[in-house]
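# Coordinates in review
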Amino acid sequence: MRTISFKVVIGSASNNPLTILDEESNMSDDNVYNTRISRRSVVKAAATVGVAQMAFPGIVLAQGEKPVKIGVDNSLTGIYAAFGKNELIGIQLAADEINSSGGILGRKVELIAEDASSTNTGLAIQKANKLVNSDNVDFLIGNENSAMVLGMAQVAKKKGILHIVPGAHSDEITGTACNWNVFRICSTTTMLINAIAK
């Protein structure tokens, strides 16, 4: 019987909740578990998932009826309003394009936008909580202010949803304070400084 061998690292230094390494990795054995899974087990699991989808198509159809909700918690007033409004326009254009081509796996995209102001971190966290807990968004997008993003990231982490950061540049967001669910689409402060220095 063929087996697949890998190591699973729990609580790695990179803050990933689960890291899979090949057998050649030079990592200490602290928090490392050697695991073997037979090829037969992988095939059985894949077959089970396939049969479940065919046996219960109503589940898949029901998902298609419910929209994918994206919460936008951006600065729409105050000193960052121009950035926040332009980002919201871009997000709306993307949502319209996705919806016109059939949505995400047949599900339409619905945007729910909240104004986090430009400098009130407490308000940004309050709006993030509303989007996540009351509006039940599937994803959270925002903000331009790094302090607000750090607070919003904690809300998204607690709920276990993806948080996309469009404009905050602090290194800490995807550095020391990074969570598994934070994805930044802009440059960091260090990247900007290095570009200017060259």
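Residues numbered from 1 in each chain as written. Predicted model: local features only at pLDDT ≥ 70, side-chain atom pairs only at ≥ 80, totals over all residues. Heavy atoms only, no water.

## Let's talk about the environment of L140
Using the following cut-off: A helix here means a DSSP run of H or I that spans at least four residues, while a strand means a run of E at least two residues long, and both kinds are numbered starting from the N terminus. The contact criterion used is simple: two residues touch if any of their non-hydrogen atoms lie within 4.5 Å.
Looking at the secondary structure, you find L140 in strand β6 (residues 139–141). Considered as a pair, L140 and V182 are 42 residues apart in the sequence and their alpha carbons are 9.6 Å apart. If we skip the residues at most four places from it in the chain, L140 touches G71, D73, A128, L131, V132, M152, A156, I161, L162, H163 and I164.

## Concerning the pattern of salt bridges
To keep things clear, this is the line we draw: Here, a salt bridge means any Lys or Arg side-chain nitrogen found within 4 Å of an Asp or Glu carboxyl oxygen. Throughout, exposure labels follow a simple rule: accessible area from a 1.4 Å probe, protein chains only, divided by the maximum for the residue type, with under 20% read as buried, over 50% as exposed, and the rest as partly exposed.
Per the stated rule, a full pass over the model turns up three salt bridges. Here K130 and E114 are joined by a salt bridge, their closest N and O atoms 2.9 Å apart. On the criterion of sequence distance, the pair formed by K130 in helix α4 (residues 121–134) and E114 in strand β5 (residues 109–115) is long-range, its members being 16 residues apart. Classification of K130 by relative accessible area gives partly exposed; the value is 33%. Classification of E114 as buried rests on a relative accessible area of 12%. The residue K130 makes a salt bridge to D135 at a minimum N-O spacing of 2.7 Å.

## Some thoughts on a nonpolar patch on the surface
Let me state the cut-off plainly: Only residues whose relative accessible area exceeds 30% and that take part in no salt bridge are eligible for patches, with like-charged residues grouped when within 9 Å of each other and nonpolar side chains (Val, Leu, Ile, Met, Phe, Trp, Tyr) grouped when within 5 Å. Under the convention used here, a 1.4 Å probe and the Shrake-Rupley method define accessible areas, while residue burial counts only the protein chains that appear.
On the surface, I98, I104 and L105 cluster together to form a nonpolar patch covering roughly 300 Å² of accessible area. The residue L105 is located in the loop between α3 (81–100) and β5 in this model.

## Topic: the pairing of β5
Working note: regular strand, side chains alternate between the two faces of the sheet. Put simply, the rule is: Strands pair, by our definition, only if DSSP identifies at least two bridges between them. The crossover handedness rule: strands pointing away from the viewer, path from first strand over the helix to second strand clockwise, crossover right-handed.
Sheet topology places strand β4 (residues 68–74) next to β5; seven bridges connect them, and they run parallel. Note that in β5 the partner of V72 across the bridge is A113. Traced from β4 through α3 to β5, the parallel crossover comes out right-handed.

## Remarks on the side chain of S118
Note that S118 resides in the loop between β5 and α4. S118 sits in the buried class, given a relative accessible area of 3%. For S118, the residues in contact, after removing those within four places along its chain, are S75, T77, G78, I79, Y80, A81, N145 and M148.

## A closer look at the confidence of the model for the chain
Applied cut-off: Per residue, pLDDT captures the predictor's confidence, and it can take any value from 0 to 100.
Summing up the model confidence of the chain, the mean pLDDT is 77 and the portion of residues at 70 or higher is 68%. By mean pLDDT, the top-scoring element of the chain is β5 (94), and the lowest-scoring one is strand β2 (residues 19–21) (43). Within the model, the stretch residues 1–25 combines pLDDT values under 50 with 54 contacts to residues more than four positions away or in other chains.

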